[in-house]
Amino acid sequence: MKYIKHRDLIVNKSLYKVILKISIPLMIGELIQRAYTLTDMFFMGKMGSIQVAALTFVDPIINGIMAIGMGLAVPMLSMVSQNIGAKNYDGAKKNIGNLIFLASILSIFIGLAGVFLSDPILKTLNAHGILLIESSRYLKIILWGTFFTFINVCYLSIKQAEGDTMKPLYLNIASLGLNLLLNPILIFQMNLGIEGAAIATVVSKGFLTIYGIYDLFYKGKGLRISKEHLKISRKDLIYILALGIPAVITKSTSPLGNMLINSYAVGYGSSVIAAVGLGNKINSILFSMGTSLSATMTTIAGQNIGAGKIKRVEEAVKKLGIISIFISLLGSVIIILFSENILSFFTSDPSIKKLTKEFFVATTPTAVAWGISQIIMGVHQGAGYTKISMYITIIRLWLLRIPLVFILGIFVGERSLWYSTAIATNAIGVVSILFYLSGLWKKKNKYIMA
């Protein structure tokens, strides 16, 4: 079976070969995921700045809700990858069934609750008038697709834990192609506007979900599960929650913080909101490279820790660190030097362009520190120490960035939105290194039975 061949590669073969085989498809896949939201941003930019602002405003709300599904993916990676590393394939299948079951139940509950609570949430965050109307129209439709998003995240995490990153890449490409096809038809030809963008996203993700379920239960060459695996014991639930709750907090903390920051930024006007949103979307292309390397590190760490090869994990950290620094520096130079050309593709508003260029200069170079912190978080997630990732995220956002937004706002106004980001991200790079050097990740995690 494919997962056995992947295990042999990850545990025994050249690390550079492992890194390239896993990370390149993940990087392309991350770019495709970013392209989903950039596609919506592109088409909304053709409609007007208020639609761009609406997407920016609801983005952290969506991310906050979806963070629960993403948080469940972390125990999936830790448990499944370590069990594969230890050649405990039956245990890995049990882990998969437990998490798919839990993700299905939670996604239905959270999606329905989100639909009915979306307007009160938006009003609480100071959305009003046309911004409230457009934000609500987009958000409600996206939330109807919560089940698709949760199952997609779990399926992609299963493949990643196995070391198979090519199949998810092909599926993401097909899903994005469908999204690109549907967007102009639904938005402009059918005059659905921002609702059309949301429908296109939900339908394209639904396509990926259907295939993922078929692959897991029927014809896949990876770890295949059956209906009997779709249950969860009290002990298993405790283990999943022990790993998953810190991961959910990690994933949801940033969106919640961004909601607060967006609420504060409303006072500066829609141009500032749009500039920060556009800047973050474009930066996310570069920063997603760090996220991809983190996912690569998680798979390598999980399987090698399961196989008892700690030194190999340390070697992977060094190699991935060098690659991350190179990519971050090169990407930062490209974005800053060609910012005018890049921004012209999304907006013709000169005020938005001016503010976004300032945003780039302050925040884009922090991709170096971000990449380092992500690789170290990947080590701890692979080891099952999800609390460390939670600590890193809380320090960056709640102890540094958010207080700095309000403090710097007194002196530099709207520019506090990007200066605070720059300071907090650079600082967390140093903090992450200190966590790694503590060596906690080398100790056996009691919640993973590998």
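Calculation notes
- Residues numbered from 1 in each chain as written.
- Predicted model: local features only at pLDDT ≥ 70, side-chain atom pairs only at ≥ 80, totals over all residues.
- Heavy atoms only, no water.
- Salt bridge = Lys/Arg side-chain N within 4 Å of Asp/Glu carboxyl O.
- Helix = DSSP H or I, 4+ residues; strand = E, 2+ residues; numbered from the N terminus.
- Axes fitted to C-alpha atoms, helices over the stretch in contact; angles between N-to-C directions.
- Parallel < 35°, antiparallel > 145°, perpendicular 65-115°, else oblique.
- Left-handed = near helix turned anticlockwise from the far one by under 90°.
- Contact = heavy atoms within 4.5 Å.
- Nonpolar A, V, L, I, M, F, W, Y, C, P; charged D, E, K, R; others polar.
- Buried < 20%, exposed > 50% of the residue type's maximum accessible area, 1.4 Å probe, protein only.
- Phe/Tyr/Trp six-rings, centres within 6.5 Å; stacked < 30°, edge-to-face > 60°.
- Patch = residues over 30% accessible without salt bridge, like charges linked within 9 Å, V, L, I, M, F, W, Y side chains within 5 Å.
- Areas by Shrake-Rupley, 256 points an atom, 1.4 Å probe, with all protein chains shown as cover.
- Expected span 1.5 Å × (residues − 1).
- Bend = angle between axes of the 7 residues up to and from the residue.

**Quick notes on the pattern of salt bridges**
Next up, step 1: A full pass over the atoms with the stated rule returns 17 salt bridges.
Next up, step 2: Across the salt bridge formed by Asp-119 and Lys-140, the nearest N and O atoms sit 3.5 Å from each other. Of the two residues, Asp-119 is situated in helix H4 (residues 89-124) and Lys-140 in helix H5 (residues 129-144); the sequence distance between them amounts to 21 residues.
Next up, step 3: Because the salt bridges share partners, they merge into one network encompassing Lys-159, Glu-162, Lys-167 and Asp-215.

**Considerations on the packing of helix H3 (residues 49-85) against H5**
Each packed pair of helices is defined by two parameters, the angle between the axes and the distance between the axes.
Next up, step 1: Interhelical geometry of H3 versus H5 gives an angle of 40 degrees and a closest axis separation of 9 Å. As judged from the angle between their axes, H3 and H5 are oblique. Every pair of crossing elements has a handedness; the one defined by H3 and H5 is right-handed. Packed against H3, whose contacting residues are Ile-50, Gln-51, Ala-53, Ala-54, Leu-55, Phe-57, Val-58, Ile-61, Ile-62, Ile-65 and Met-66, the element H5 presents Ile-130, Leu-131, Glu-134, Ser-135, Tyr-138, Leu-139, Ile-142 and Leu-143 at the interface.
Next up, step 2: Its residues assigned to classes, the contact of H3 with H5 comprises 16 nonpolar, two polar and one charged.

**Examining the side chain of Gln-303**
Next up, step 1: Locating Gln-303 in the fold gives a position in helix H10 (residues 270-306).
Next up, step 2: What makes Gln-303 buried here is its relative accessible area of 0%.
Next up, step 3: Not counting residues within four places of it along the chain, the set of residues in contact with Gln-303 comprises Arg-7, Ile-10, Val-11, Ser-81, Ile-84, Gly-85, Ala-161, Glu-162 and Gly-163.

**Some details on the environment of Leu-143**
Next up, step 1: When you line up the elements, Leu-143 lands in helix H5.
Next up, step 2: The spatial distance from the C-alpha of Leu-143 to the C-alpha of Val-74 is 22 Å, given a sequence separation of 69 residues.
Next up, step 3: With residues up to four places along the chain from it excluded, the contact list for Leu-143 reads Ile-65, Gly-111, Gly-114, Val-115 and Ser-118.

**What about the packing of aromatic side chains?**
Next up, step 1: By the definition in use, this model includes 13 aromatic pairs.
Next up, step 2: Residues Tyr-3 and Tyr-89 carry aromatic rings whose centres are separated by 5.1 Å and whose planes lie at 65 degrees to one another, so their mutual orientation is edge-to-face. A residue pair is termed long-range when its members are at least 10 positions apart, and Tyr-3 in helix H1 (residues 2-12) and Tyr-89 in helix H4 qualify at 86 residues.
Next up, step 3: Take Tyr-3: its relative accessible area is 8%, and that puts it in the buried class.
Next up, step 4: What makes Tyr-89 buried here is its relative accessible area of 18%.
Next up, step 5: Three or more aromatic residues link up through ring pairs in this structure, and these residues are Tyr-211, Tyr-214, Phe-217 and Tyr-218.

**Comments concerning the side chain of Asn-98**
Next up, step 1: Note that Asn-98 resides in helix H4.
Next up, step 2: You can call Asn-98 buried: its relative accessible area is 3%.
Next up, step 3: Ignoring sequence-local partners within four residues, the contact set of Asn-98 consists of His-229, Lys-231, Ile-232, Asp-236 and Ile-240.

**Focus on a nonpolar patch on the surface**
Next up, step 1: Taken together, the side chains of Ile-108, Leu-112, Phe-116, Leu-117, Ile-121 and Trp-144 present a nonpolar region at the surface, about 640 Å² in accessible area.
Next up, step 2: Relative to the elements of secondary structure, Ile-121 occurs in helix H4.

**Describing unusual backbone geometry**
Next up, step 1: A positive phi angle is found at Lys-87, which is not glycine, with a value near 65 degrees.
Next up, step 2: Among the structural elements, Lys-87 can be located in the loop between H3 and H4.
Next up, step 3: A relative accessible area of 56% places Lys-87 in the exposed class.

**Observations regarding helix H7 (residues 166-189)**
An α-helix turns once every 3.6 residues. As a result, residues three or four positions apart point the same way.
Next up, step 1: Given a rise of 1.5 Å per residue, 24 residues ought to cover 34 Å, and the 35 Å separating the end C-alpha atoms of H7 matches this to within 8%.
Next up, step 2: Taken as a whole, H7 carries its principal kink of about 30 degrees at Leu-182; the proline Pro-184 stands between one and four residues after it.
Next up, step 3: All of the buried residues along H7 are Pro-168, Leu-169, Leu-171, Asn-172, Ser-175, Leu-176, Asn-179, Leu-182, Asn-183, Leu-186 and Ile-187.

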